[in-house]
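Here's the letter readout for the chains.
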Amino acid sequence: MVEARLRVIYGDTDQMGVVYYANYFRYFEFARSEFFRAHGGSYRELESTGLLLPVVEASAHYKASARYDDMLLIRTTLGELRRASLVFTYELLRDGDAPTLLCTGRTMHACVGRDGKPQRLPEAIARLKAADDSET
């Protein structure tokens, strides 16, 4: 599991100061990038090999509202790993002395080449899964 933190900016909220629901998926994307960085890589490096990881399925379950200026803690775990796809799971919390669970989510990604055809996941991603599993 990798933890990432970010502060909610005003532009992410509606008139009530509540984070607009679709922005949670942006927060998940931020957390995925941080997951790769925490393991010594990046999306950019993966894409330089000609492989892409488009989102093919996404879900979020909202528990409570994030608000303007909240410090968010996003816990990201690499879940299922298949031949040409992988799943990330997320817990998004309001950070503080007593963190509050605000949202859980999941994204499934296909591994494809620049031509859009499925490709086998690189061994480096399988190693990430093994590293993630050993930390839990």
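Up top you'll find the structure we're talking about.
Please read these numbers as outputs of a predicted model, since none were measured by experiment.

Topic: the overall build of the protein chain
Per the secondary structure count, the protein chain includes three helices and seven strands. Going from the N terminus to the C terminus, the protein chain shows its helices and strands as β-α-α-β-β-β-β-β-β-α. Taking 14 Å as the expected radius of gyration for a compact globule of 136 residues, we find that the protein chain reaches 16 Å, a close match to that expectation. Taken over the C-alpha atoms alone, the protein chain extends approximately 45 × 30 × 20 Å along its principal axes. Looking at the protein chain as a whole, 42% of its 136 residues are labelled buried. A sequence separation of at least 24 residues applies to 67% of the contacts in the protein chain between residues at least 6 apart. Accessible area for the protein chain stands at about 7600 Å²; split by element, carbon and sulfur atoms hold 50% of it.

Thoughts on unusual backbone geometry
Of note in the backbone geometry, Asp 69 takes a positive phi value of approximately 75° without being a glycine. Inspection of the secondary structure assignment puts Asp 69 in the loop between strand 3 (55-62) and strand 4 (71-81).

So, the sheet that holds strand 4
In spatial order, the strands read 1-4-5-6-3; together these five strands make up an open sheet with antiparallel pairing. On the outer flanks of this sheet lie strand 1 (2-7) and strand 3, each paired with one strand and no other. Averaged over all adjacent pairs, the angle separating strand axes in this sheet is 20°, with direction ignored. As judged from the eight bridges shared by strand 4 and strand 5 (residues 85-94), these two strands associate in the antiparallel manner. Looking at strand 5, one finds that Thr 76 is bridged to Tyr 90.

Examining the nonpolar core
Counting 29 residues, the largest nonpolar core has Tyr 27, Leu 53, Leu 72 and Leu 92 as the members making the most contacts within it. Put simply, the parts of the chain that give this core at least two residues each are strand 1, helix 1 (23-38), helix 2 (43-48), strand 4, strand 5, strand 6 (100-110) and helix 3 (123-135). Looking at this core element by element, the count peaks at six residues for helix 1. Those residues within four positions of Leu 92 in sequence are excluded, and the remaining contacts are Tyr 24, Tyr 27, Phe 28, Leu 72, Leu 73, Ile 74, Thr 100, Leu 101, Leu 102 and Cys 103.

What about the pattern of salt bridges?
Applying the stated criterion across every chain, the model contains 11 salt bridges. When the shortest N-O distance is used, the salt bridge between Asp 95 and Arg 5 registers 2.6 Å. Taken as a pair, Asp 95 in the loop between strand 5 and strand 6 and Arg 5 in strand 1 lie far apart in primary sequence, 90 residues in all. For Asp 95, a relative accessible area of 24% gives the class partly exposed. For Glu 91, the salt bridge identified is with Arg 75, shortest N-O distance 3.7 Å. In this pair, Glu 91 is assigned in strand 5 and Arg 75 in strand 4, connecting sequence segments 16 residues apart. Each member of the salt-bridge network shares a partner with another, and the members are Glu 3, Arg 5, Arg 75, Glu 91 and Asp 95.

Some remarks on helix 1
With 16 residues, helix 1 extends 23 Å from end C-alpha to end C-alpha; this agrees with the ideal 22 Å at 1.5 Å per step. Downstream of helix 1 by a residue or two, Gly 40 has a phi angle that is positive, lying close to 85°.

What counts, and at which threshold
- Every chain begins its residue count from 1, and numbering advances along the sequence as written.
- For a predicted model such as this one, the threshold for reporting local features is a pLDDT of at least 70, and the threshold for listing and counting side-chain atom pairs is 80 or more; totals across whole chains, interfaces and linings nevertheless cover every residue.
- Remark: hydrogens and water are excluded; side-chain values derive from all non-hydrogen atoms of the structure.
- Strands are runs of DSSP state E lasting at least 2 residues, helices are runs of H or I lasting at least 4, and numbering of each runs from the N terminus.
- Each radius of gyration reported is based on C-alpha atoms, and the globular scaling rule is 2.2 Å times the count of residues to the power 0.38.
- Classification of residues uses two cut-offs on accessible area relative to the type maximum, computed with a 1.4 Å probe and protein chains only: under 20% is buried, over 50% is exposed, and between them is partly exposed.
- Contacts are assigned to residue pairs with any non-hydrogen atoms lying within 4.5 Å of each other.
- For the accessible areas, the method is Shrake-Rupley and the probe is 1.4 Å, while residue cover comes only from the protein chains on display.
- A pair of strands is considered paired only if DSSP assigns at least 2 bridges between the two.
- Throughout, an axis means a line fitted to C-alpha atoms (over the contacting stretch in the case of helices), and angles, computed between N-to-C directions, take values from 0 to 180 degrees.
- By nonpolar core we mean a set of buried residues, namely Ala, Val, Leu, Ile, Met, Phe, Trp, Tyr and Cys, connected to one another through side-chain atoms within 4.5 Å.
- Take a side-chain nitrogen of Lys or Arg and a carboxyl oxygen of Asp or Glu: if they are within 4 Å of each other, that pair is a salt bridge.
- One less than the residue count of a helix, multiplied by 1.5 Å, gives the span that helix is expected to have.

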